Amino acid sequence: MQVSYNLLKEYVDIDMSAEELAQRLTINGIILERMENISTEIEKVVVGRITAIDHHPENKKLSVCQVDIKEETLQIICGAKNMKVSDKVAVALEGARLPQIGIIKSKKFKDVLSSGMLCSASELGIEPGESPGILILKEDAVLGEDIRKIIEFDDTIFDFEIHSNRPDLMSIIGIAREVAAITDNKLKTPEIKIKEKDERIEKDITVKIEAEDLCPRYTGRVIKDIKIEESPLWLKWKLRLLGARPINNIVDITNFVMMETGQPLHAFDLDLIKGKTIIVRKNRPGETICTLDDVERQLPSNSLVIADTEGAIALAGIMGGKYSEIDQNTKNVFLESAYFNSVNNRRSTAKFGLRTEASNRFEKGIDKEVQIYAMDRAADLISKIAMGKISSGKIDTNEKLYQPCKINLRIKRVNRILGQLLDKDESKTKNKIINILDKLEFKVVEDKGEYIEVIPPSFRGDVEREIDIIEEIARIYGYDKIEPTLFNTTIAQEGKNFRFRVIDHARETLIGCGLNEVITYSFISPDIFDRIRIPEGHKLRNAIKIKDPMTRDYSLMRTSLISSLLEVIKWNTNRQAELVKIFEVGKIYLPYHDKPNSLPQEKLIIAGAINKTGRGDIWEKSISLDIFDIKGIIETVFQGLKVGNWEVVPCNHPAFHPLRNGKIIMRGEEVGIFGEIHPEVINNYRIPGKVNLFEIDFENLLPNVPSDIKYCVLPKYPSIQRDLALIVKEEIFSADIIKTIKSIDEKLIKKITLFDMFKGKQIGDGYKSLAYSVVFQAEDRTLIDQEVENIYKKIREQLITKFSAKIRE
Amino acid sequence: MENKIKEVKKEIVSKSNLIKDLKDIEKLRVEYLGRKGAVTLLLRKLGTLSPKERPKIGQLLNQTKREIEELLKTKEVEIEKLDKEKRLQGEGIDITLPGRKLGRGTAHPINLVLREIEEIFLSLGFKMEEGPEVELDYYNFEALNIPKDHPARDDQDSFYITKDILLRPQTSPVQIRTMENQKPPVRIIATGKCYRRDATDSTHSPMFHQIEGLAVDKDITFGDLKGILTIFVHRMFGEDRKVRFRPGYFPFVEPGAEVDVSCLLCGGKGCKSCGYVGWLEIMGAGVVHPKVLEMVGYDPEEYSGFAFGMGAERIAMLKYGINDIRLFFENDLRFLKQF
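Please read these numbers as outputs of a predicted model, since none were measured by experiment.

Draft legend 1. View of the overall build of chain A. A tally of regular secondary structure across chain A gives 19 helices and 41 strands. Rg of the C-alpha trace for chain A: 42 Å, well past the compact-globule value of 28 Å for 809 residues, more than 25% over. Expressed along its principal axes, the backbone C-alpha trace of chain A runs to roughly 130 × 85 × 55 Å. For chain A, buried positions account for 54% of its 809 residues. Long-range contacts, defined here as pairs at least 24 residues apart, represent 70% of the contacts in chain A between residues at least 6 apart. Just so you have it, chain A exposes about 38,300 Å², and 49% of that area is on carbon and sulfur atoms. Each charge class in chain A was averaged separately, 120 positive and 125 negative side chains, and the resulting centres sit 4 Å apart.

Now the structure itself:
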């Protein structure tokens, strides 16, 4: 809501500066969004009178005016046509400063001297855009007087943010009322003197309400014989301060009164209302209307329209129709001041995608009692400014729309919510409360001792129950005066549960492994599935769709973190990063096939990826990051979480190199995948080098994380170590060999470590040589060589039979 | 004989000065003390002496032998010491070469801020909760006193999945889910991702993070809200920060408040970063609306509480002096590695 300091001062005495006022209002809940000082924009502009007008000898479009400015008469050349001799005008003197033009200097137009300029309203900053002619001042303007005495140019414009529960503040009077409450001053509302003519309103108009639920109150007046012209300067200036654009006197008055009182008004050209009848009804099927903005609109069902006997002439509470618009030919007007249902108005504005100053007020709920006041205020102004004659009588379909409701306010409850007595003495507290409520125009109807009965004012539709009144008290009393306290501490609950602690632990380990944490959007584009080679029909393609996405890129909820991490790698390699090691802990969102209307399954995923393209420093240059680096990171995380008993089996995830990816299995369930990203995918993302990546399903991992640690007794007897080298076919997995070795004697074989592996001509194509060290140890005695030799022999036999291994001696 | 002994001694002393390494010492040892060494030979000749001379010469000879042994020992220690020094001299390295590091990664600045905030509230007896990001309209709006067609729904233009399911625009639904599942006292914080239909610019992102707090018990007041949040601001931003509470509107709290902290840059004097007002808005808060308590089956006459919520991105931007929210989601390593 835009309003100015001087405007507010017309409605309430203010004994503080504009800055102080803005500060006070902010503290009391009306937030200042913008403040603009419009002082000293104009200098050396005075009132003058045109004494003669001649044509410019060479340019017929220009007039040469003689202008009396009291001390002297100036010759000024002017391009406008709307002035005549003896008009009073605003004269910018030599050296004058104008807001948009700057400094005015005398100059010659084809040998004719012009000493100054005749100003238009827009040049004075009164109107936005470009005014059609120069500004003609009222006859009573004093010759030679500074223009700033006629218009108070020195002002401060405030733009306040109004919360949606306070539509009453969307008016000058609303804000002035708040200022009055805060500063303990009196609100001054304009006095209205309606002089009705003999002619009755019923002669010209009948109003029928066919949709009473959507239009619970409709009031109106008829004003005749009006003179349509530009608004007077003071009104234009006020509209400028309020951020509105002047159109003509009638429209300007309805706009101004709306911003003054918060009640939207609409003026119809009375003579264009067919059948002299206004019908407030829902739209008919197929009905259309051309609105003031020149748009022909289809009316969706349940649109409330103002119609005459032939059809819709306005969208109720949103915008008038083109047909009954006020224009130069309008002689008589019908002025509407109604209360429209806020919910329906809201739905309609949403359907039309059309939000106006009027709808913005109706949809939040306006004062139920202000209709007549606002209408009469406008009628009064129209009779004064546009010389209109007000017909006697008015339309009012429901005088009793506003039903005051009584709310009981318990004094003790105020303290229980706010935590502090306004005053130690309870009766003094009560007096303070009553005083605050009085300032806000809440009526205290009865004092019942422990509680008081309060009736909120009609413009405070947001106040429905006791707590709403308590908030008002806190607000005006001042939040800053409420003492901070600490509540009694009951025993702290388990602050961070096991799940949160495991997440933290995994994150810390990954950071310790040198990975940088990233956070990426949960949205994905449907295009990523092709990019990461997910075939049609694959379960990963079954993603949650956003109904009305902002862009295609943000139209699905992700089902994997693979594309997210690849995007980050791409971003960084595009910026010359030579080593990218990243991880993310984030969710994927999986729909339930069987329950389409239930919430999706949200699974937490821990994913990481590495990519190296540069050579790094002296130590790093020989290291190429490969699948075993990514696997090592996963193993480190598991190690930290004390997760054992997991195995890796080959996997065929389409995003990975077909022979270089594996599944992590725990207790028969898949917990994650890892591997080298498929070269085609790498190519789709234009990433240099290889990417190795993992995804761990945290939800499946968590049940495998032990919640505590059990100590194992340290061995008392020495261990014996034997090395074992063998040659096997290339496709045999080392893990299977280790499993086989271990199975020979689960008790005595303590540890098996692969310490060497190579391929080469000397062992033959398709073969590899593996070397293990095997550690034997008993818990109850020192092992003797013969015992170990026996087991060792069995191991060799088993490996030979099972894998056709060649044991290297 | 006596002269011969003295000669030997003189001779070895002068030879010992020429010793270069351990081999030389060994050579001398053999030459004099070895089986055929000069001293050994002299010792063997002792028998040829008269019994009168024998003890005196014998003593002299033994003493000379000891002296030679000592002399060679001393030389040996000296040489060994020199050798060690020489060897170390050859083992010089360039200590300015880089360390062979594993390299430590970094936490994302948003998570850094979330953890810091969580720690503060955990220490004040709050418990961590979480809730779904894809949420029912009921939990996100209706149970929070924002019925259908409520104007406040505009402030949070949301991404809908179906008519009744949306991406949560705030973490507040966790309040309702928690209260539905437990009896007071409740004291929780919940952090997580939220989504709003905001076009991306330097201060808006369609995805962001929030921190939500809720405390419900008998006799919790607005004063308690001020107390807890003042402690929070002081721990998060420093003891010298001023805190300001002013009226704000959120349908699920009443009285509602906006919480400001004195500008981190100018300390309240007014500067560009605070828009010359000296204050920075950091969160919304308030006393839980009785309608919200009623919706979850708590009796508002018996229980009261407060709730608060803040944006992690905003806090991180203020704390680290970051001026563009997009940096958080671009994940540029040059940015991430600073935290």
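Alright, that's what it looks like, and here's the rest.
Draft legend 2. Local environment of the domain arrangement of chain A. Domain boundaries assigned for chain A yield domain 1 (2-38 + 155-183), domain 2 (43-149), domain 3 (196-396), domain 4 (407-479), domain 5 (498-704) and domain 6 (720-808). Once you take the C-alpha centre of each, domain 2 of chain A and domain 5 of chain A turn out to be 73 Å apart.

Draft legend 3. Structural detail: the layout of surface pockets. Residues and elements named next belong to chain A. Taken as a whole, the second largest pocket encloses approximately 2,300 Å³ of empty space. Lining the second largest pocket are 47 residues; nearest its centre among them are F628, K631, E635, V648 and A735. Elements supplying a minimum of two residues to the lining of the second largest pocket: helix 15 (627-640), strand 34 (646-650), strand 35 (656-666), strand 36 (669-677), helix 18 (734-744), strand 39 (749-758) and strand 40 (767-776). A class-by-class count of the residues in the lining of the second largest pocket yields 20 nonpolar, ten polar and 17 charged. Looking at which domains feed residues into the lining of the second largest pocket, each of domain 5 (498-704) and domain 6 (720-808) supplies at least three.

Draft legend 4. Highlighting the pattern of salt bridges. According to the stated counting rule, one finds 90 salt bridges over all chains in the structure shown. The salt bridge involving B:E135 is made with B:R177; its shortest N-O contact spans 2.8 Å. Of this pair, B:E135 sits in strand 2 (residues 134-136) while B:R177 sits in helix 7 (residues 173-181), and the two are 42 residues apart along the sequence. On the accessibility criterion, B:E135 (1% relative accessible area) is buried. For B:R177, a relative accessible area of 22% corresponds to the partly exposed category. Each of A:R166, A:D168, A:E178, A:R460, A:D462, A:E472 and A:R475 takes part in a single network of salt bridges with overlapping partners.

Draft legend 5. Spatial organisation of the pairing of strand 4 (residues 186-195) of chain B. Residues and elements named next belong to chain B. Across the ten residues of strand 4, ten count as buried, placing the element largely inside the fold. Examined bridge by bridge, strand 1 (residues 127-129) and strand 4 share three bridges and lie parallel to one another. When the sheet's bridge partners are listed, E129 is paired in strand 4 with A190. Two strands pair when backbone bridges link them, and strand 4 and strand 5 (residues 207-217) are joined in this way by ten bridges, in the antiparallel orientation.

Draft legend 6. Up close: the sheet that holds strand 26 (residues 407-410) of chain A. All names here are of chain A. Reading across the sheet, the three strands line up as 26-28-27 and stay open at both edges, with antiparallel pairing between neighbours. Edge positions in the open sheet fall to strand 26 and strand 27 (443-447), since each of these has one partner strand only. With direction set aside, neighbouring strand axes in the sheet form an average angle of 35 degrees. Taken together, the four bridges between strand 26 and strand 28 (residues 451-455) define a ladder with antiparallel strand orientation. For N408, the partnering residue across the bridge sits in strand 28 and is E453. Relative to the sheet, helix 10 (residues 426-439) contacts strand 26, strand 27 and strand 28, its axis offset from that of strand 28 by approximately 0 degrees.

Draft legend 7. Geometry of the environment of A:V370. Residues and elements named next belong to chain A. Of note, V370 is situated in the loop between helix 7 (357-362) and helix 8 (371-385). Distance in space between the C-alpha atoms of V370 and T801 is 99 Å, their sequence separation being 431 residues. Setting aside residues up to four positions removed in sequence, V370 forms contacts with T261 and Q263.

Draft legend 8. Examining the side chain of A:N28 more closely. Residue placement: A:N28 occurs in the loop between helix 2 (18-27) and strand 2 (31-37). A:N28 has contacts with A:I182, A:R475, A:I476 and B:P247, leaving out every residue within four places of it along the chain.

Draft legend 9. Expanded view of the nonpolar core. Counting 206 residues, the largest nonpolar core has A:V45, A:L124, A:L409, A:F523, B:F121, B:L229 and B:F308 as its most contacted members. Setting aside anything within four residues of it in sequence, one finds A:F523 in contact with A:I546, A:D553, A:Y554, A:L556, A:M557, B:F159, B:L167, B:Y195, B:P206 and B:M207. Within the second largest apolar cluster, 32 residues are counted, among which are A:C513, A:V585, A:I606 and A:M666.

Draft legend 10. Focus on helix 6 (residues 342-352) of chain A. All names here are of chain A. Residues of helix 6 that are buried include every one of N344, N345, R346, S348, T349 and F352, and no others. Against the buried residues of helix 6 lie strand 19 (296-298), strand 20 (304-307), strand 21 (312-315) and helix 7. Its side-chain oxygen at 2.9 Å from the backbone nitrogen of V343, N341 defines the N-terminal cap of helix 6.

Draft legend 11. Quick look at empty space enclosed by the protein. Inspection of every chain in the model, using the stated rule, returns six cavities of 30 Å³ or more. When contributions to the lining of the largest cavity are tallied by element, the ones reaching two or more residues are helix 12 (498-512) and strand 32 (579-590) of chain A together with helix 5 (109-123), strand 1 and strand 4 of chain B. Across the lining of the largest cavity, the residue classes break down as seven nonpolar, six polar and eleven charged. Volume-wise, the second largest cavity comes out at about 140 Å³. Lining of the second largest cavity is provided by 16 residues; of these, A:G29, A:H163, A:N165, A:R166 and A:R475 occupy positions nearest its centre. The biggest single contributor to the lining of the second largest cavity is helix 11 (residues 466-477) of chain A, with three residues. In terms of residue class, the lining of the second largest cavity is built from five nonpolar, five polar and six charged.

Each value, and the rule that gives it
Residue numbering note: each chain is counted from 1, following its sequence as written. As they are written, the chains are lettered A onward and the ligands numbered 1 onward, keeping that order. Residues qualify for local features only when their pLDDT is at least 70, as the model is predicted, and side-chain atom pairs are given and counted only at 80 or more; totals for whole chains, interfaces and linings, by contrast, use all residues. Hydrogens and waters are ignored; side-chain quantities use all the structure's heavy atoms. Helical segments are the DSSP runs of H or I of at least four residues, strand segments are the runs of E of at least two, and each set is numbered from the N terminus. Our radius of gyration looks at C-alpha atoms and nothing else; its globule reference is 2.2 Å times the residue count to the power 0.38. Burial classes: relative accessible area under 20% of the type maximum marks a residue as buried, over 50% as exposed, and values in between as partly exposed (1.4 Å probe, protein chains only). Only heavy atoms matter for contacts: two residues are in contact if any of them lie within 4.5 Å across the pair. Areas reported here follow the Shrake-Rupley algorithm with a probe of radius 1.4 Å; residue values treat only the protein chains shown as occluding. Charge assignment in this entry is limited to Lys and Arg as positive and Asp and Glu as negative, and neither His nor the chain termini are counted. Lys charges are placed at NZ, Arg charges at CZ, Asp charges at CG and Glu charges at CD. Note that the domain bounds were set by an automatic or database domain assignment. Here a cavity is any set of points on a 1 Å grid over the protein atoms alone where a 1.4 Å probe fits but cannot get out, and a pocket is any open set with protein on both sides within 12 Å along at least 5 of 7 lines; a residue lines the site when it has an atom within 4 Å of a point. Grid points are joined across faces, edges and corners, and a volume is the space filled by probe spheres set on the points. Charged residues are taken to be Asp, Glu, Lys and Arg, nonpolar residues to be Ala, Val, Leu, Ile, Met, Phe, Trp, Tyr, Cys and Pro, and polar residues to be all remaining types, Gly included. Each salt bridge in this description consists of a side-chain nitrogen of Lys or Arg and a carboxyl oxygen of Asp or Glu lying within 4 Å of one another. By this definition, two strands are paired if DSSP reports at least two bridges between them. Note on definitions: angles span 0 to 180 degrees between N-to-C directions of axes, and those axes are lines fitted to C-alpha atoms, for helices only across the stretch in contact. Only buried residues count toward a nonpolar core. Its members are Ala, Val, Leu, Ile, Met, Phe, Trp, Tyr and Cys residues joined through side-chain atoms within 4.5 Å. Here a polar contact is recorded for every N or O atom pair within 3.5 Å, except that within protein the pair must consist of a potential hydrogen donor and a potential acceptor, and residues adjacent in sequence are included only if both atoms are side-chain atoms.

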